[in-house]
Amino acid sequence: MPLSTKAVTKAVFPVAGLGTRFLPATKASPKEMLNVVDKPLIQYAVEEAIAAGITEMIFVTGRSKRAIEDHFDKSYELEAELEAKNKQALLEIVRNVKPSHVDCVYVRQPEALGLGHAVLCAEKLVRDEPFAIILADDLLDGQPPILSQMLKVFGEQNGSVLAVEKIDPAKSSSYGIISGAEVAKGIYRLNGIVEKPQPKDAPSNLAVVGRYVLSSDIFKHIRNLKPGAGGEIQLTDAIASLLKVDPVFAYEYDGVRYDCGSKIGYLKASVEFALRHPEVKEEFAAYLKSRSLT
Ligand code: G1P
């Protein structure tokens, strides 16, 4: 059966990483719970999935990540309190963190053995359906939301899809880098992908960012892997193996990425999202102006 005739209803969120680039903030609380204005990164990611029609959110968690489960759980005390005080607007916000048609399920990654390993931990929940992977520290801003754009490409091309963007070639050692032939505007059929190459070894300047739509065949390719870059089980290596037998496409999405795993990316996201937040945008813009920053 063609891959794209199966609807994509599941998204995997690998959230077991330690977030060492944000210590000490991430010592006891998950990096995915870092806030951009008034919403944690993981909620932006889940909202992007919901907008794309995903109804089952699969979190691959680790120790000290309990705050993520609590965030998407019902909060009886808080809701009762807001109800008693008749704070309807806040009540709506709290209740909409997890809309009723959405399910959240959790599986633990006992050891941090790499992104490929984290994804493999979700195999029993994904089963044989195509699925999305969202890395919440890449905050992607676009209209339509980036995962929705990718599902359109998935439907049209009938193959797995990775989100890519052009990067400064000097930074290739932070990303999975693809090579491929352009088959439509901004869409490339992959003929190779390599994890974190040095600039001199990078096959292009097209870097994978944290969104994937993959065939469930990826699991058997992950299972056959030996540890790759950094001694980890790399998703990139499994994709390199998948593309030898099934079509994989890279899609240059229409939007802006904030690398919220880095301090500077996180600060930029905070400024941009604050400048459009209805409650604070005017005062914040005036403040930036007073500092001669806008
Ligand atoms: C992971 C992937 C890498 C990808 C990146 C996107 O790396 O391994 O291929 O380009 O996410 O954010 P990480 O940032 O987890 O080191």
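The rules behind these values
Residues numbered from 1 in each chain as written. Predicted model: local features only at pLDDT ≥ 70, side-chain atom pairs only at ≥ 80, totals over all residues. Heavy atoms only, no water. UniProt positions renumbered as here; feature names shortened; annotations may be inferred. Helix = DSSP H or I, 4+ residues; strand = E, 2+ residues; numbered from the N terminus. Axes fitted to C-alpha atoms, helices over the stretch in contact; angles between N-to-C directions. Parallel < 35°, antiparallel > 145°, perpendicular 65-115°, else oblique. Left-handed = near helix turned anticlockwise from the far one by under 90°. Contact = heavy atoms within 4.5 Å. Nonpolar A, V, L, I, M, F, W, Y, C, P; charged D, E, K, R; others polar. Near = heavy atom within 4 Å. Polar contact = N/O pair within 3.5 Å; in protein donor to acceptor, adjacent residues only side chain to side chain. Areas by Shrake-Rupley, 256 points an atom, 1.4 Å probe, with all protein chains shown as cover. Core = buried A, V, L, I, M, F, W, Y, C linked by side-chain atoms within 4.5 Å. Buried < 20%, exposed > 50% of the residue type's maximum accessible area, 1.4 Å probe, protein only. Arc of directions from axis to C-beta. Salt bridge = Lys/Arg side-chain N within 4 Å of Asp/Glu carboxyl O.

Per an unreviewed UniProt entry, the protein goes by UTP--glucose-1-phosphate uridylyltransferase and derives from Polynucleobacter antarcticus. Its UniProt record gives the protein a comment under Catalytic activity (unreviewed entry), which states: "alpha-D-glucose 1-phosphate + UTP + H(+) = UDP-alpha-D-glucose + diphosphate".

(A) Structural context of the UniProt feature "domain: Nucleotidyl transferase" (unreviewed entry) in the protein. Feature annotation in UniProt places "domain: Nucleotidyl transferase" (unreviewed entry) on residues 15-271, given in this structure's numbering. Note that residues 15-271 is 31% helix and 26% strand, and that its end C-alpha atoms are spaced 24 Å apart.

(B) How the structure looks around the packing of helix α3 (residues 76-84) against helix α4 (residues 88-95). Remark: α3 packs on α4, axes separated minimally by 8 Å, with the N-to-C direction vectors making an angle of 160°. Our classification of the angle between α3 and α4 gives roughly antiparallel. For the pair α3 and α4, the crossing hand works out as left-handed. Each of Leu78, Glu79, Leu82 and Glu83 in α3 lies in contact with α4, whose residues at this interface are Leu90, Leu91, Val94 and Arg95. Split into classes, the residues belonging to the contact of α3 with α4 amount to five nonpolar, no polar and three charged.

(C) Representation of the site of the ligand within the structure. Around the ligand, 13 residues are found, and the nearest of them are Asp138, Gly176, Glu195, Lys196 and Val208. Here an oxygen atom of the ligand and a side-chain polar atom of Asp138 are 2.8 Å apart. In the environment of the ligand, an oxygen atom lies 3.3 Å from a nitrogen or oxygen atom belonging to the side chain of Thr236. Coverage of the ligand by the protein chains reaches 75% of its 380 Å² of free accessible surface. At four residues, strand β11 (residues 206-214) tops the list of elements feeding residues into the shell around the ligand. Of the residues belonging to the shell around the ligand, the class tally is six nonpolar, four polar and three charged.

(D) Looking closely at the nonpolar core. Counting 35 residues, the largest nonpolar core has Phe13, Met57, Phe59 and Leu147 as its most contacted members. Breaking this core down by element, the ones donating at least two residues are β1 (10-14), α1 (41-51), β4 (56-61), β6 (131-134), α7 (146-157), β8 (160-166), β11 and β12 (248-252). In terms of residue count, α7 provides more of this core than any other element does, six residues in total. The residues touching Phe13, leaving out its near neighbours within four places in the chain, are Ile42, Ala45, Val46, Ala49, Met57, Ile58, Phe59, Val60 and Ile134. Core analysis: the next-biggest nonpolar cluster, separate from the first, contains 33 residues, Val60, Ala118, Ile178 and Leu243 among them.

(E) Quick peek at helix α9 (residues 235-242). Buried within α9 we find Leu235, Thr236, Ala238, Ile239 and Leu242. The arc that holds the buried residues of α9, viewed along the axis, is 160°, so those residues lie on one side.

(F) Spotlight on the pattern of salt bridges. Tallying each qualifying case throughout the model produces 19 salt bridges. Note that Glu47 and Lys39 form a salt bridge whose closest N and O atoms lie 2.8 Å from each other. Glu47 gets classed as partly exposed once you look at its relative accessible area, which sits at 32%. The partner of Arg211 in a salt bridge is Glu48, with the nearest N and O atoms 2.9 Å apart. In this pair, Arg211 sits in strand β11 while Glu48 sits in helix α1, placing the two residues 163 residues apart along the sequence.

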